[in-house]
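So the chains spell out like this:
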Amino acid sequence: SYHTFVLLRSGTDVVEFGSKMKMISKRYILTQEQNSGYAKEYSLTDLRSIHLDSHLRSEFSEIGNRAYVYTFAGIGALILIIACINFINLSTARSMTRAREVGVRKVVGASRTHLIRQFFIESSTTVILASGLCIMAAELALPWLNQVTDKKLVIDIFHDPIVASILLFLTLTVC
């Protein structure tokens, strides 16, 4: 009626350890279980895979579903792609109205690289500000989302280097 966690040394053969564990349970525990009419099977599960891959009874908490993770990641990627396409379309449409500004700047003496740098800085600033606003909106909406879904989701951008690096990568990619 309890879970046992084992930390294996690096380099330990997991399959061999599992077979030794089953031999120990057969030798010492199986006769007691057979007498009671209830037999257990002992197995090893990687701790990192319990939340999405475990299908055992009496887990500590509700297990997740890998299909939901992939579905929501796909929806998020699709939303990001649509937002990028909209951003490009709006920038292109706005560039037509800014053609006069570019002409005046060229007459005044601005070089092509200077104009490219200006437009790149403007678009990068827009993307970075939008990323910051999205983080704030997600932080503000999280309590409501937790209440609706009855979950305890957290966004820990500043303490989780994986989340921070993914966010930085996405921001730089969109720039």
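Definitions and limits used
Residues numbered from 1 in each chain as written. Predicted model: local features only at pLDDT ≥ 70, side-chain atom pairs only at ≥ 80, totals over all residues. Heavy atoms only, no water. Helix = DSSP H or I, 4+ residues; strand = E, 2+ residues; numbered from the N terminus. Buried < 20%, exposed > 50% of the residue type's maximum accessible area, 1.4 Å probe, protein only. Contact = heavy atoms within 4.5 Å. Areas by Shrake-Rupley, 256 points an atom, 1.4 Å probe, with all protein chains shown as cover. Salt bridge = Lys/Arg side-chain N within 4 Å of Asp/Glu carboxyl O. Patch = residues over 30% accessible without salt bridge, like charges linked within 9 Å, V, L, I, M, F, W, Y side chains within 5 Å. 1 Å grid on protein atoms, 1.4 Å probe; cavity = no way out; pocket = protein on both sides within 12 Å on 5 of 7 lines; lining within 4 Å. Points joined across faces, edges and corners; volume = space filled by probe spheres on them. Nonpolar A, V, L, I, M, F, W, Y, C, P; charged D, E, K, R; others polar. pLDDT = per-residue confidence, 0-100. Axes fitted to C-alpha atoms, helices over the stretch in contact; angles between N-to-C directions. Parallel < 35°, antiparallel > 145°, perpendicular 65-115°, else oblique. Left-handed = near helix turned anticlockwise from the far one by under 90°.

> Go over the overall build of the chain, please, and point to the residues and values.
Looking only at helices and strands, the chain has seven helices and zero strands in total. Ordered by position in the sequence, the α and β elements of the chain form the string α-α-α-α-α-α-α. Put simply, the chain has 175 residues, and 10% of those count as buried. Considering only intrachain contacts with a sequence separation of at least 6, the fraction spanning at least 24 residues in the chain is 36%. Within the structure as shown, the chain displays about 15,000 Å² of accessible surface, and the carbon and sulfur contribution to it stands at 66%.

> Would you mind going over the pattern of salt bridges in detail, with residue names and values included?
When charged atoms on two side chains of opposite charge get close, those side chains can pair. A full pass over the atoms with the stated rule returns four salt bridges. Its salt-bridge partner being Arg98, residue Glu101 comes within 2.9 Å of it at the nearest N-O pair. According to the relative accessible area criterion, Arg98 is buried, its value standing at 13%.

> Would you mind going over a nonpolar patch on the surface in detail, with residue names and values included?
A cluster of nonpolar side chains, contributed by Leu80, Ile162, Ile166, Phe169 and Leu170, occupies part of the molecular surface with about 480 Å² of accessible area. For the nonpolar patch, the element with the most residues is helix 7 (residues 161-174), which contributes four residues. Relative to the assigned elements, Leu80 resides in helix 4 (residues 66-97). Note on Leu80: relative accessible area 31%, which makes it partly exposed.

> Describe the layout of surface pockets, naming the residues involved and giving the relevant values.
Here the idea is plain: a probe the size of a water molecule rolls over the atoms and shows the empty space left. Taken as a whole, the largest pocket encloses approximately 2,100 Å³ of empty space. Taken together, 44 residues form the lining of the largest pocket, with Phe72, Ala73, Gly76, Ala138 and Ile155 sitting closest to its centre. Put simply, the parts of the chain that give the lining of the largest pocket at least two residues each are helix 3 (50-53), helix 4, helix 6 (112-149) and helix 7. Considered class by class, the residues forming the lining of the largest pocket number 31 nonpolar, eight polar and five charged.

> Report on the confidence of the model for the chain, specifying residues and quantitative values.
In this model, the chain carries a mean pLDDT of 81, and residues with pLDDT of at least 70 account for 85%. Across the chain, element-level confidence peaks in helix 6 with a mean pLDDT of 88 and bottoms out in helix 2 (residues 30-36) with 65.

> Describe in detail the side chain of Asn146, supporting the description with residues and values.
Note on placement: Asn146 falls in helix 6. The exposure class assigned to Asn146 is buried, which follows from its relative accessible area of 16%.

> Help me get a handle on the packing of helix 5 (residues 99-108) against helix 6, residues and values and all.
At a minimum axis separation of 11 Å, helix 5 and helix 6 run at an interaxial angle of 140°. In terms of axis orientation, helix 5 runs oblique to helix 6. The hand of the helix 5/helix 6 crossing is right-handed. In contact with Glu101, Val102, Arg105 and Lys106 of helix 5, helix 6 contributes His114, Leu115, Gln118 and Phe119. Of the residues assigned to the contact of helix 5 with helix 6, the class counts are three nonpolar, two polar and three charged.

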